[in-house]
Amino acid sequence: MENLLQLKDKNIVVMGVANDRSIAWGIAKSLFEVGANVIFTYRKERSLMKLEKLMAGYEDQEATFIQCDVNSDESIKAAFDTIGAKVGTIHGIVHSVAFANAEDLKNRFLETSRDGYAFAQDTSAYSLIAATKAAHPYMTEGGSIVTMSYLGAERVLEGYNVMGVAKAALEASVRYLAADIGADNIRVNAISAGAIKTLAAKGVPSFNKILNRIEESAPLKRNVTQAEVADMTIVMLSHLSRGVTGETIYIDGGYNIMGI
Ligand SMILES: NC(=O)c1ccc[n+]([C@@H]2O[C@H](COP(=O)([O-])OP(=O)(O)OC[C@H]3O[C@@H](n4cnc5c(N)ncnc54)[C@H](O)[C@@H]3O)[C@@H](O)[C@H]2O)c1
């Protein structure tokens, strides 16, 4: 399998581990299994401490931790320049970052503030463009970029509100980026993950209701796991998906295909 994937010793930047429940952590664990070299970016010291603790269970893995706040162009550029200087070539990025103000998820959508809208877009959608731009000079051998989206991008899901609009922009950004940098043999895809209980998910008021609804009506009659999302992300980072770019791929037990 290692040969099919061609991820051994490849330098993959993983953005967005907050704790062991983070989708990004699931992806990092799968990347370790296939022999990739993982470079983590984190925003807060708290996440760095969590990351260091998590990595204590992987003593034979070398991992690099770089601070990166995606709300700041300077921080993003400094992070990717540091990564580029350390590893030379970047082969892949996992963008698993999103944020919106709690009140914009809790209030009526009608009440979304101008600032809250801009903040959700900046953190959750523009950050993919900014990170790709900063990594581009170091992606000299082609590569693959994968971001995490959600069904709220195209359907109305109670309590997802401004984040749904940000995910719609994220998925459109995936298509425009894919078209722009495809000639450099860099692919860009989104994974539309099913609902998973993480820190970010706690911000969505109706999350438990969503989990129950999926169990009832998804073709697989269950919710998906962190490992299932991680495995498909590995496919999208790997040689196996070399003909795929600009897509949104659903890892949701088929929930998105259902009508009522
Ligand atoms: N959990 C779900 O049900 C679900 C479903 C579909 C998509 N997603 C998406 O998956 C991604 C990861 O979320 P998660 O569920 O693993 O939750 P999480 O809270 O573990 O991860 C979100 C990460 O975003 C980071 N982040 C927020 N603002 C940042 C900033 N300014 N700079 C740098 N990092 C910042 C946080 O530090 C955190 O590590 C998000 O894009 C989320 O929307 C989650």
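Computed from a predicted model, the values in this text were never measured in an experiment. (Residues numbered from 1 in each chain as written. Predicted model: local features only at pLDDT ≥ 70, side-chain atom pairs only at ≥ 80, totals over all residues. Heavy atoms only, no water.)

### So, helix H9 (residues 226-237)
Side chains three or four residues apart in an α-helix point the same way, a direct result of the helix having 3.6 residues per turn.
Part 1 of the reasoning: The end-to-end C-alpha distance of H9 is 16 Å, a good match for the 16 Å that 12 residues give at a rise of 1.5 Å each.
Part 2 of the reasoning: Within H9, burial applies to Gln 226, Val 229, Ala 230, Thr 233, Ile 234, Met 236 and Leu 237. Each buried residue of H9 lies within a common arc of 160° when the element is viewed along its axis, so the set occupies one face. (Helix = DSSP H or I, 4+ residues; strand = E, 2+ residues; numbered from the N terminus. Expected span 1.5 Å × (residues − 1). Buried < 20%, exposed > 50% of the residue type's maximum accessible area, 1.4 Å probe, protein only. Arc of directions from axis to C-beta.)

### What about a positive patch on the surface?
Part 1 of the reasoning: Among the surface-exposed residues, Arg 43, Lys 44, Arg 46, Lys 50 and Lys 53 lie close enough to one another that they form a single positively charged patch.
Part 2 of the reasoning: Topologically, Arg 46 is positioned in helix H3 (residues 45-55). (Patch = residues over 30% accessible without salt bridge, like charges linked within 9 Å, V, L, I, M, F, W, Y side chains within 5 Å. Areas by Shrake-Rupley, 256 points an atom, 1.4 Å probe, with all protein chains shown as cover. Salt bridge = Lys/Arg side-chain N within 4 Å of Asp/Glu carboxyl O. Lys, Arg positive; Asp, Glu negative; His and termini not counted. Charge placed at Lys NZ, Arg CZ, Asp CG, Glu CD.)

### Describing the UniProt feature "active site" (unreviewed entry) in the protein chain
Part 1 of the reasoning: On the UniProt side, "active site" (unreviewed entry) is annotated at positions that read Tyr 150 and Tyr 160 here.
Part 2 of the reasoning: Of note, Tyr 150 is situated in the loop between strand E5 (143-149) and helix H7 (161-181).
Part 3 of the reasoning: Residue classification places Tyr 150 among the buried positions, given a relative accessible area of 12%.
Part 4 of the reasoning: Beyond its immediate stretch of four places on either side in the chain, Tyr 150 contacts Leu 157, Tyr 160, Lys 167, Glu 171, Ser 192, Ala 193, Gly 194, Ala 195 and Ile 210. (UniProt positions renumbered as here; feature names shortened; annotations may be inferred. Contact = heavy atoms within 4.5 Å.)

### Section: the UniProt feature "binding site: NAD(+)" (unreviewed entry) in the protein chain
Part 1 of the reasoning: As recorded in UniProt, the feature "binding site: NAD(+)" (unreviewed entry) lies at Gly 16, Ser 22, Ile 23, Asp 69, Val 70, Val 97, Lys 167, Ile 196, Lys 197, Thr 198, Leu 199 and Ala 200. Their sequence span is 185 residues, while the largest C-alpha to C-alpha distance among them is 23.6 Å; these annotated residues do not converge on one region.
Part 2 of the reasoning: Overall, Ser 22 belongs to the buried group, its relative accessible area being 8%.
Part 3 of the reasoning: Excluding residues within four positions of it along the chain, Ser 22 makes contact with Gly 16, Val 17, Thr 198 and Gln 226.
Part 4 of the reasoning: The residue Thr 198 is located in the loop between strand E6 (186-193) and helix H8 (207-217) in this model.

### Regarding the confidence of the model for the protein chain
Part 1 of the reasoning: Scored by pLDDT, the protein chain has a mean of 96; 99% of the residues are at 70 or more.
Part 2 of the reasoning: Across the protein chain, the secondary-structure element scoring lowest on mean pLDDT is helix H1 (residues 2-5), at 81, and the one scoring highest is strand E4 (residues 92-95), at 99. (pLDDT = per-residue confidence, 0-100.)

### Notes on the packing of aromatic side chains
Part 1 of the reasoning: Counting across every chain of the model gives eight aromatic pairs.
Part 2 of the reasoning: Put simply, the rings of Trp 25, Phe 32, Phe 40, Tyr 58 and Phe 65 touch in pairs and so form one group of aromatic residues.
Part 3 of the reasoning: One cation-aromatic arrangement involves Arg 43 over Phe 99; the distance from NZ or CZ to the ring centre is 5.5 Å. (Phe/Tyr/Trp six-rings, centres within 6.5 Å; stacked < 30°, edge-to-face > 60°. Lys NZ or Arg CZ within 6 Å of the ring centre and 35° of its normal.)

### Brief notes about the pattern of salt bridges
Part 1 of the reasoning: Scanning the model with the defined rule gives four salt bridges in all.
Part 2 of the reasoning: Where Glu 158 meets Lys 209, a salt bridge forms, and the shortest distance between an N and an O atom there is 3.0 Å. One end of the pair, Glu 158, is in the loop between E5 and H7; the other, Lys 209, is in helix H8, and 51 residues separate them in sequence.
Part 3 of the reasoning: What makes Glu 158 exposed here is its relative accessible area of 52%.
Part 4 of the reasoning: By relative accessible area, which is 53% here, Lys 209 ends up exposed.
Part 5 of the reasoning: Across the salt bridge formed by Glu 228 and Arg 222, the nearest N and O atoms sit 2.8 Å from each other.
Part 6 of the reasoning: Since its relative accessible area comes to 28%, Glu 228 is described here as partly exposed.

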